[in-house]
Amino acid sequence: MASEIRVDRITHTAGVGTITPSPTGVHIAGIVTGTTFSGSGASLTSLPAAQVTGTLPATQLPVGSIIQVKQTSVTGNLGAGTQDLVSVSITPTDNTNKILIMGCGQVNDAQGKVAAVDLYRDSTFIFRTAAGAGWGSGTGQNNNESFTPIFLDNPQTTSAITYKMQGLRTSGSSTVTWGYYSDAATGGTSITVMEVVV
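What you are looking at is a predicted structure, and each value in this text was computed from that prediction instead of being measured.

Caption draft 1: Main features of the overall build of the chain. Of the regular secondary structure elements, the chain holds 0 helices and 14 strands. Along the chain direction, N to C, the helices and strands of the chain fall in the order β-β-β-β-β-β-β-β-β-β-β-β-β-β. Across the 198 residues in the chain, those meeting the buried criterion constitute 32%. Here the contacts in the chain between residues at least 6 apart in sequence split such that 75% fall between residues at least 24 apart. If you sum the accessible surface of the chain, you get close to 12,500 Å²; carbon and sulfur atoms cover 52% of it.

Caption draft 2: Just the confidence of the model for the chain, in detail. Of all residues in the chain, 82% attain a pLDDT of 70 or more, and the chain-wide mean is 83. Here strand β1 (residues 10-11) stands out as the element of the chain with the lowest mean pLDDT, 70, in contrast to strand β11 (residues 150-153), whose mean of 98 is the highest.

Caption draft 3: Representation of the nonpolar core within the structure. In this structure, I101, F147, Y163, M165 and W178 are the most contacted members of the largest nonpolar core, which totals 20 residues. Elements with a contribution of two residues or more to this core: β6 (83-90), β7 (98-110), β8 (114-121), β9 (124-133), β12 (161-171) and β14 (188-196).

Caption draft 4: Inspection of the packing of aromatic side chains at higher detail. Under the defined criterion, the tally for this structure stands at 3 aromatic pairs. Seen in terms of ring centroids, F127 and F151 are 5.2 Å apart; in terms of plane orientation they differ by 25°. Their pairing is stacked. In this pair, F127 is assigned in strand β9 and F151 in strand β11, connecting sequence segments 24 residues apart. Centroid distance F147 to W178: 5.7 Å. Interplanar angle 80°. Geometry classified as edge-to-face. Residue F147 is located in strand β10 (residues 142-147), and its partner W178 is located in strand β13 (residues 177-178); the two are separated by 31 residues in the primary sequence. As far as burial versus exposure is concerned, F147 and W178 are alike and both buried. For K164, the ring lying beneath its charged end belongs to Y120, and the centroid distance is 5.2 Å.

Caption draft 5: Local environment of the environment of V74. Note on placement: V74 falls in strand β4 (residues 66-75). With relative accessibility at 27%, the residue V74 sits in the partly exposed group. Between the C-alpha atom of V74 and that of S87, which follows or precedes it by 13 residues, the distance is 9.8 Å. The residues touching V74, leaving out its near neighbours within four places in the chain, are L85, V86, G187, G188 and T189.

Caption draft 6: Up close: the pattern of salt bridges. A full pass over the atoms with the stated rule returns 3 salt bridges. Here D84 and K164 are joined by a salt bridge, their closest N and O atoms 3.2 Å apart. Highlighted residues: D84 in strand β6 and K164 in strand β12, separated in sequence by 80 residues. The salt bridge involving R128 is made with D118; its shortest N-O contact spans 2.6 Å. One end of the pair, R128, is in strand β9; the other, D118, is in strand β8, and 10 residues separate them in sequence. According to the relative accessible area criterion, D118 is buried, its value standing at 2%.

Calculation criteria
- Residues numbered from 1 in each chain as written.
- Predicted model: local features only at pLDDT ≥ 70, side-chain atom pairs only at ≥ 80, totals over all residues.
- Heavy atoms only, no water.
- Helix = DSSP H or I, 4+ residues; strand = E, 2+ residues; numbered from the N terminus.
- Buried < 20%, exposed > 50% of the residue type's maximum accessible area, 1.4 Å probe, protein only.
- Contact = heavy atoms within 4.5 Å.
- Areas by Shrake-Rupley, 256 points an atom, 1.4 Å probe, with all protein chains shown as cover.
- pLDDT = per-residue confidence, 0-100.
- Core = buried A, V, L, I, M, F, W, Y, C linked by side-chain atoms within 4.5 Å.
- Phe/Tyr/Trp six-rings, centres within 6.5 Å; stacked < 30°, edge-to-face > 60°.
- Lys NZ or Arg CZ within 6 Å of the ring centre and 35° of its normal.
- Salt bridge = Lys/Arg side-chain N within 4 Å of Asp/Glu carboxyl O.

Next comes the structure, spelled out in structure tokens:
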């Protein structure tokens, strides 16, 4: 016949902690040290964030959370006509999440020319925004335009993908020049991608 000992409370001899059984579980007062925990932990509360280590699964984050950000930026003259301006790669952690793409840059656009910036996911076109139109009444007049394409993409993958901005002329006979904010000065061009929990 097995032996059985029943107690109402176990108290450390130094008085630094107690274990008290109850009908709903066990109440432990003091510091609990262990190497593993088994169970869902769904009812654990008041955990200090500074003491939590490791990676929190994206599925536990609220909708709209940004869980990773990647950026590439370049400076200087990026060439004339149709040009691949800048690109960045990202590997989504969940195939249901979306990627927010934000770009910026400048174009020197002469009279009679219209320019645009296209966004690509790998080799797939996904979005176009106007980059500027060159107007003016005098010969050789140039416009210096900025562009900021923004698009929320749904790649539906967990494989690495590359997003790029491509600049092009959509009308007019002369070329446009990318990376300029004046006739002689160059600026920065960048693309930023963010994985968004949905």
